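So the chains spell out like this:
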Amino acid sequence: MILILSSPVFIYGAINNIIPYLMPYPITSKLKDRQFTSSITFVFGMIFFPLFYVIQTLIFHHFVQPGWLSWVYLISLPLTGMLAFGIHRFYVKVRAQWVYLLNKNKDEFKKIIRLRDEIIATIDD
């Protein structure tokens, strides 16, 4: 339910932050020594996220007339980017828990499904 309710924030944050987030991957995927991946990603983030935010805000300001709305947009970019990243991590954890339930505890999962069906049948009656 949390994932469904937070999906608009995730979509807004992901759309506005996906390009600078993915920029270091072509370079880091070619590295022979994986120890430098985090360093390169960090440097790319320090350079390209602020640069991209300024460019996006200037484009946004060109199309929207009230100047204060551009400041709100600029402030929303890093906030929703961090929220989108956190929502994605939460989704990965929830998905892993469901995969675990489906693969490891099939009997327990069947009991949960059966109990759910019984509750729904009781409510329908």
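The following paragraphs examine the structure supplied in this document. (Residues numbered from 1 in each chain as written. Predicted model: local features only at pLDDT ≥ 70, side-chain atom pairs only at ≥ 80, totals over all residues. Heavy atoms only, no water.)

**Notes on the pattern of salt bridges**
- For the structure shown, the criterion picks out one salt bridge.
- Here Arg116 and Asp117 are joined by a salt bridge, their closest N and O atoms 3.5 Å apart. (Salt bridge = Lys/Arg side-chain N within 4 Å of Asp/Glu carboxyl O.)

**Notes on the packing of aromatic side chains**
- Taken as a whole and judged by the stated rule, the model has five aromatic pairs.
- Where Tyr21 meets Phe85, the ring centres are 6.3 Å apart and the plane angle is 55°; that geometry is what we call tilted. One end of the pair, Tyr21, is in helix α2 (residues 7-22); the other, Phe85, is in helix α5 (residues 67-103), with 64 residues separating them in the sequence.
- Ring-pair connections join several aromatic residues into one group, and the members of that group are Tyr21, Tyr25 and Phe85. (Phe/Tyr/Trp six-rings, centres within 6.5 Å; stacked < 30°, edge-to-face > 60°. Helix = DSSP H or I, 4+ residues; strand = E, 2+ residues; numbered from the N terminus.)

**A word on the packing of helix α4 (residues 37-63) against α5**
- α5 packs onto α4 with a crossing angle of 150° between their chain directions and a minimal axis gap of 9 Å. Between α4 and α5, the crossing angle belongs to the class labelled roughly antiparallel. Here α4 runs over α5; the crossing is right-handed. Residue-level contacts link Tyr53, Gln56, Thr57, Phe60 and His61 of α4 to Gly67, Leu69, Ser70, Tyr73, Leu74, Leu77 and Pro78 of α5.
- For the contact of α4 with α5, the class distribution of residues is seven nonpolar, five polar and no charged. (Axes fitted to C-alpha atoms, helices over the stretch in contact; angles between N-to-C directions. Parallel < 35°, antiparallel > 145°, perpendicular 65-115°, else oblique. Left-handed = near helix turned anticlockwise from the far one by under 90°. Contact = heavy atoms within 4.5 Å. Nonpolar A, V, L, I, M, F, W, Y, C, P; charged D, E, K, R; others polar.)

**Some thoughts on the side chain of Asn17**
- With respect to the helices and strands, Asn17 occurs in helix α2.
- What makes Asn17 buried here is its relative accessible area of 6%.
- Contacts of Asn17, omitting those with residues within four sequence positions, involve Phe49, Tyr53, Leu77, Thr80 and Gly81. (Buried < 20%, exposed > 50% of the residue type's maximum accessible area, 1.4 Å probe, protein only.)

**Regarding the layout of surface pockets**
- Considered as a void within the structure, the largest pocket measures approximately 370 Å³ in volume.
- Forming the boundary of the largest pocket are 14 residues, of which Asn17, Tyr21, Gly81, Ala84 and Phe85 lie nearest the centre.
- At the level of elements, α2, α4 and α5 are the ones that each hand at least two residues to the lining of the largest pocket.
- Residues belonging to the lining of the largest pocket are distributed by class as follows: 10 nonpolar, four polar and no charged. (1 Å grid on protein atoms, 1.4 Å probe; cavity = no way out; pocket = protein on both sides within 12 Å on 5 of 7 lines; lining within 4 Å. Points joined across faces, edges and corners; volume = space filled by probe spheres on them.)

**Quick look at the environment of Tyr53**
- With respect to the secondary-structure elements, Tyr53 resides in helix α4.
- A sequence separation of 21 residues divides Tyr53 from Leu74, and the C-alpha atoms of the two residues are 6.6 Å apart.
- Those residues in contact with Tyr53 that sit more than four places away from it in its chain are Asn17, Leu74, Leu77 and Pro78.

**A short note on a nonpolar patch on the surface**
- On the surface, Ile18, Ile19, Tyr21, Leu22, Tyr25 and Phe85 cluster together to form a nonpolar patch covering roughly 550 Å² of accessible area.
- Here the nonpolar patch gets four residues from one element, more than from any other, and that element is α2.
- For Ile19, the position within the fold is in helix α2.
- The class of Ile19 is partly exposed, set by a relative accessible area of 48%. (Patch = residues over 30% accessible without salt bridge, like charges linked within 9 Å, V, L, I, M, F, W, Y side chains within 5 Å. Areas by Shrake-Rupley, 256 points an atom, 1.4 Å probe, with all protein chains shown as cover.)

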